[in-house]
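Per-entry structural report
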Amino acid sequence: AKNNGKNNYLFYTSKMNEIAKRKITIETNLRHALKNEELTLFYQPKIDFNDGKITGAESLLRWFPNKDESIPPSEFIPIAETSGLILEVDKWVLSTVCRQLKKWKDLGYPDQKISVNVSGMHFKQGRILKTLGDILDEIEIPPKSLEIEITEGIFLEDIKESALILEQLQSMGIDISVDDFGTGYSSFGYLKRLPVSTLKIDRSFISNAATNSDDASITKAIIMMAKLLNLKVIAEGVETIEQVELLHAEGCHEMQGYYFAKPMSIDKYEIFLDKL
Ligand code: C2E
Ligand code: CA
Ligand code: CA
Ligand code: CA
C-alpha cells in the first residue's frame, strides 16, 4: 500500500507538471495568436419567438493555431484570465465585432444586435469604459447594435462600483445582458439596482427543462421574473423541439442553440442575414 501511495504521488506530480506546462504553452502561444490572426469569431444566431426572425447573434471566439488544430475557449479563456492577457483578448474581440458590424451596415444588411462576452476582469477599475470608448471613437456604429454579456460574478466584487460602470455603459447606449443567469451566487437584489436589460437563462437549466420538473420550474420562474421586471429574457443551449415549445409557452422572448443553429463563420452567418 505504501508503494502504491508513492506511485500515486509520482503520478499526480507528473500530471500536475503536464497541466502546468500546457498552461504556459497556451499562454505563450495565445500572445502570438493575437498578433498572428489565428483568432477568429464565430456567430451564433438568436431567434425572436414572436416572428421567428433573427435578431442578431452572439460572437464566440475560436482559435485555430493551424489547419487541423483548434483550442476551445473553455480551455484558453480561463488561462487568459489568470495571466491578464484576457484584457487584450477582449479588446481584440470588441474591435473585431464593431468593425464587422460597420461592414454589415455598409453592405446594407438589416439592423441587428451582436452580443459580446466580456471578462469580469475588464470591469475592475472601469477598464471596460476606456476600451469601449476608444473603440467607438474609432469605429462608427450605432451603440444599440452592441450588447455586452457579463456574468453575475462581477456583482460580487463591489456592487456600487459595478453600478457606476454599468450606468456609464448604459449612457453610451450599450445594452447589458446577464449571462449564465441562475448559476451565480449573488442575490437578485442587484437586478433592481443595476441597469441590465437582458437575462440569459443558463444552458444547465434549459438542457433538462423538458424532462426534469425542477429545471422546468426554475426556467419558468426566471422567465416570469424577467417579464415582471421588464427585462428581456433569452434561453441559451436550446437543442430540442420540446425545449422550444416549453419556452414558447412561457413567453420567453428569444432563443439560441443548436436546435436552430450552431456558432458559424461569417460567410455562413451572412446567408442567414440575407434571408431576413
Ligand atoms: P458562454 O458565453 O456561456 O457561451 C455559450 C457556449 O455554449 C458556447 O460555447 C456555445 O458554442 C455553446 N452552445 C451554444 N448553443 C449550444 C447548444 O445548443 N448546445 C450546447 N451543448 N452548447 C451550445 P463556446 O463557444 O465553446 O464558449 C465557451 C465559453 O467561452 C463561453 O460560454 C464564454 O464564457 C467563453 N467565451 C467564448 N467566446 C468568448 C469571448 O469572445 N470572450 C470571452 N471573454 N469569453 C468567451
Ligand atoms: Ca455568453
Ligand atoms: Ca452563457
Ligand atoms: Ca453557460
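Residues numbered from 1 in each chain as written. Chains lettered and ligands numbered in written order. Predicted model: local features only at pLDDT ≥ 70, side-chain atom pairs only at ≥ 80, totals over all residues. Heavy atoms only, no water.

For a metal with four tetrahedral donors the ideal donor-metal-donor angle is 109.5 degrees, while six octahedral donors give ideal angles of 90 or 180 degrees. Protein-derived ligands of the calcium ion (ligand 4) are Asp180 (OD), Asp202 (OD) and Glu236 (OE), with the metal-ligand distances lying across 2.4 to 2.6 Å. Each donor residue of the calcium ion (ligand 4) lies on one chain, and together they are spaced D-x21-D-x33-E. Between the calcium ion (ligand 4) and the calcium ion (ligand 3), both coordinated by Asp180, there is a metal-metal distance of 3.2 Å. Residue Asp180 is located in strand 6 (residues 175-181), and its partner Asp202 is located in the loop between strand 7 (198-201) and helix 8 (203-208); the two are separated by 22 residues in the primary sequence. (Donors = N, O, S within 2.8 Å, 3.2 Å for Na, K, Ca; no water. Helix = DSSP H or I, 4+ residues; strand = E, 2+ residues; numbered from the N terminus.)

The next subject is helix 6 (residues 159-171). The first and last C-alpha atoms of helix 6 sit 18 Å apart over 13 residues, in line with the 18 Å expected at 1.5 Å per residue. The inward-facing, buried residues of helix 6 abut helix 4 (127-138), strand 5 (146-151), helix 5 (153-157) and strand 6. Structurally, the start of helix 6 carries an N-cap: the backbone nitrogen of Lys160 is 3.1 Å from a side-chain oxygen of Asp158. Just downstream of helix 6 lies Gly173, where phi reads positive at about 95 degrees. (Expected span 1.5 Å × (residues − 1). Contact = heavy atoms within 4.5 Å. Polar contact = N/O pair within 3.5 Å; in protein donor to acceptor, adjacent residues only side chain to side chain.)

Let us look at the coordination of the calcium ion (ligand 3). Looking at the calcium ion (ligand 3), one finds its protein donor set to be Asp179 (OD), Asp179 (OD), Asp180 (OD), Glu236 (OE) and Glu236 (OE), positioned 2.2 to 3.2 Å from the metal centre. Considering all six donor atoms around the calcium ion (ligand 3), the spread of angles at the metal, 43 to 161 degrees, places the coordination shape in the irregular class. Expressed as a motif, the donor residue spacing for the calcium ion (ligand 3) is D-D-x55-E. (Tetrahedral: all angles 85-135°; square planar, octahedral: opposite > 155°, others 65-115°.)

Bringing the side chain of Asp215 into the picture now. As for its position among the elements, Asp215 is in helix 9 (residues 213-228). For Asp215, the contacting residues outside a window of four places in its chain are Ser204, Phe205, Asn208 and Ala209.

Turning to the confidence of the model for the protein chain, a few remarks are in order. The predicted coordinates ought not to be read in detail in places where the model reports low pLDDT. The predicted model of the protein chain averages 92 in pLDDT, with 98% of residues at 70 or higher. Both scores are given for the predicted complex: the pTM is 0.94, the ipTM 0.98. (pLDDT = per-residue confidence, 0-100.)

This next bit is on the pairing of strand 8 (residues 232-235). For strand 7 and strand 8, the ladder comprises four bridges, and the chain directions are parallel. Looking at strand 8, one finds that Lys200 is bridged to Ile234. Viewed along the sheet, the connection from strand 8 through helix 10 (residues 241-250) into strand 9 (residues 254-255) turns out right-handed. (Pairing = 2+ DSSP bridges. Right-handed = clockwise from strand over helix to strand, strands pointing away.)

With that settled, the discussion passes to a nonpolar patch on the surface. A contiguous nonpolar patch, built from Phe11, Tyr12 and Met16 and spanning about 380 Å² of accessible area, is present on the exposed surface. Locating Phe11 in the fold gives a position in helix 1 (residues 2-35). By relative accessible area, Phe11 is classed as partly exposed at 47%. (Patch = residues over 30% accessible without salt bridge, like charges linked within 9 Å, V, L, I, M, F, W, Y side chains within 5 Å. Areas by Shrake-Rupley, 256 points an atom, 1.4 Å probe, with all protein chains shown as cover. Salt bridge = Lys/Arg side-chain N within 4 Å of Asp/Glu carboxyl O. Buried < 20%, exposed > 50% of the residue type's maximum accessible area, 1.4 Å probe, protein only.)

This part is about unusual backbone geometry. Unlike most non-glycine residues, Glu37 shows phi in positive territory, near 60 degrees. Here Glu37 falls in the exposed class, since its relative accessible area comes to 74%. We note that Gln125 has phi near 55 degrees; this positive angle belongs to a residue other than glycine. Here Gln125 is to be found in the loop between strand 4 (113-117) and helix 4. Note on Gln125: relative accessible area 63%, which makes it exposed.

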